[in-house]
Amino acid sequence: MAGKVFFSVSMSLDGFIAPAAPEELMGRQWMELQRWVFPQRFFRANLKLGEGGEEGRDNDILRETFERTGASVMGKRMFDAGAQAWPEEAPFHTPVFVVTHEKRDPWVRPGGTTFHFVNDGIEPALARAREAAGDRDVRIAGGGATILEYVNAGLVDEFSIALSPVLFGTGIRLFEGVDAGRVALEPVRAEPSPRVTHLAYAVREHG
């Protein structure tokens, strides 16, 4: 049985998942949005940041999200920003398929991450990711425009949001331009932690 297609993001209370300018992607606002992630033991271990860290529900959710993911898909904007920020041993440890117009050979990183560059659209990228993931799930890693393309194409089965107590005011909204007429949501989980509120939804077609 093939796995599911999902995304998992941190979102500000006013609906933003990233600042508008790519150069601000690791800036103060973004760091506040992701603040719940940094102290977690799993995050620290995955990025080789040293011993210690918190072990609670936030940590479990990070680990569960990682363990279910057999391959990831991302857009060029996210890849470009991440290539500057990720350590040499990128934190995916699975194949990653980058939707781009750039023709480029696969980029193999230490630790099991290989970036494959797909030039023929979101559906071929997903097909390759599904094949690579086997019976595990495919994560649409981002950014916002890429997630929205997959949602509007009816290709996302479920998603989770870590709702962070941060206000952005401006930036990239998660659902800006969503085709609301074809997407129906079914609540799966709402779970507060001391840092964020974890929300999970299954995606159904309207009608």
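Residues numbered from 1 in each chain as written. Predicted model: local features only at pLDDT ≥ 70, side-chain atom pairs only at ≥ 80, totals over all residues. Heavy atoms only, no water.

Peer 1: Please explain helix 6 (residues 144-152) as it appears in this structure.
Peer 2: Given 3.6 residues per turn, any residue in an α-helix points the same way as the ones three and four places further on. For helix 6, the complete set of buried residues consists of Gly144, Thr146, Ile147, Leu148, Tyr150 and Val151. Taken from the residues just after helix 6, glycine 154 is the one with a positive phi, measuring 70°. (Buried < 20%, exposed > 50% of the residue type's maximum accessible area, 1.4 Å probe, protein only. Helix = DSSP H or I, 4+ residues; strand = E, 2+ residues; numbered from the N terminus.)

Peer 1: I keep staring at helix 3 (residues 57-68) and nothing clicks. Help me out?
Peer 2: The end-to-end C-alpha distance of helix 3 is 16 Å, a good match for the 16 Å that 12 residues give at a rise of 1.5 Å each. Of the residues making up helix 3, those classed as buried are Asp58, Asn59, Ile61, Leu62 and Thr65. Projected onto a plane normal to the axis of helix 3, the buried residues spread over an arc of 165° and lie on a single side. Looking at the buried positions of helix 3, the neighbouring elements they touch are strand 1 (5-12), helix 2 (41-46), strand 3 (69-75), strand 7 (137-142), strand 10 (183-192) and strand 11 (197-205). (Expected span 1.5 Å × (residues − 1). Arc of directions from axis to C-beta. Contact = heavy atoms within 4.5 Å.)

Peer 1: Looking at this model, I keep getting lost on the environment of proline 165. Mind explaining?
Peer 2: Looking at the element boundaries, proline 165 is found in the loop between strand 8 (158-164) and strand 9 (172-173). It is 32 Å that separates the C-alpha atoms of proline 165 and proline 95, two residues lying 70 residues apart in sequence. When sequence neighbours within four positions are dropped, the list of residues in contact with proline 165 reads Arg195 and Val196.

Peer 1: Please explain the side chain of threonine 113 as it appears in this structure.
Peer 2: Tracing the backbone shows threonine 113 in the loop between strand 5 (107-108) and strand 6 (114-118). In contact with threonine 113, other than residues within four places in its own chain, are Ala90, Phe92, His93, Thr94, Val96, Trp107 and Val108.

Peer 1: Just to check I follow, could you spell out the packing of aromatic side chains for this structure?
Peer 2: The full count for this structure, using the stated rule, is 14 aromatic pairs. Seen in terms of ring centroids, phenylalanine 42 and phenylalanine 66 are 5.2 Å apart; in terms of plane orientation they differ by 55°. Their pairing is tilted. Here phenylalanine 42 is found in helix 2, whereas its partner phenylalanine 66 is found in helix 3, with 24 residues between them in sequence. Measuring from ring centre to ring centre gives 5.1 Å for tryptophan 86 and phenylalanine 92, while their planes differ by 85°; the resulting arrangement is edge-to-face. Aromatic ring contacts, followed pair by pair, group Phe79, Trp86, Phe92, Trp107, Phe115 and Phe117 into a single cluster. Over the ring of phenylalanine 6 we find arginine 68, and its NZ or CZ is 3.8 Å from the ring centre. (Phe/Tyr/Trp six-rings, centres within 6.5 Å; stacked < 30°, edge-to-face > 60°. Lys NZ or Arg CZ within 6 Å of the ring centre and 35° of its normal.)

Peer 1: Even after reading the chapter, I still don't get the nonpolar core, so can you show me in this structure?
Peer 2: Across soluble globular proteins, nonpolar side chains show a tendency to be buried alongside one another. Of all hydrophobic cores here, the largest spans 27 residues; its most connected members are Phe7, Val73, Val138, Ile140, Tyr150 and Leu174. Looking at this core, the elements that each hand over two or more residues are strand 1, strand 3, strand 4 (95-99), helix 5 (122-133), strand 7, helix 6 and strand 8. Ranked by the residues each element gives to this core, the list is headed by helix 5, at five residues. Residues contacting isoleucine 140, with those up to four places away along its chain left out, are Val5, Phe6, Phe7, Val73, Thr146, Ile147 and Tyr150. Among the nonpolar cores identified, the runner-up in size contains 10 residues, and Phe79, Phe92, Val98 and Ala141 belong to it. (Core = buried A, V, L, I, M, F, W, Y, C linked by side-chain atoms within 4.5 Å.)

Peer 1: Where do I start with the pairing of strand 8 in this structure?
Peer 2: Consecutive side chains along a regular strand alternate between the two faces of the sheet. Taking burial as the measure, the seven residues of strand 8 include six buried ones, the bulk of the element. Across six bridges, the pairing between strand 8 and strand 11 is antiparallel. Across the sheet, the residue bridging to alanine 162 is histidine 198, located in strand 11. (Pairing = 2+ DSSP bridges.)

Peer 1: Any chance you could explain the pattern of salt bridges here in plain terms?
Peer 2: Pairs may arise between side chains of opposite charge once their charged atoms sit close together. On inspection of all chains with the given rule, the structure shows 15 salt bridges. Residue glutamate 67 pairs with arginine 63 through a salt bridge whose shortest N-O separation is 3.9 Å. Taken together, the positions of glutamate 67 and arginine 63, both in helix 3 and four residues apart, correspond to about one turn of that helix. Judged by its relative accessible area of 29%, arginine 63 falls in the partly exposed class. When the shortest N-O distance is used, the salt bridge between arginine 68 and aspartate 137 registers 2.7 Å. Of the two residues, arginine 68 is situated in helix 3 and aspartate 137 in strand 7; the sequence distance between them amounts to 69 residues. (Salt bridge = Lys/Arg side-chain N within 4 Å of Asp/Glu carboxyl O.)

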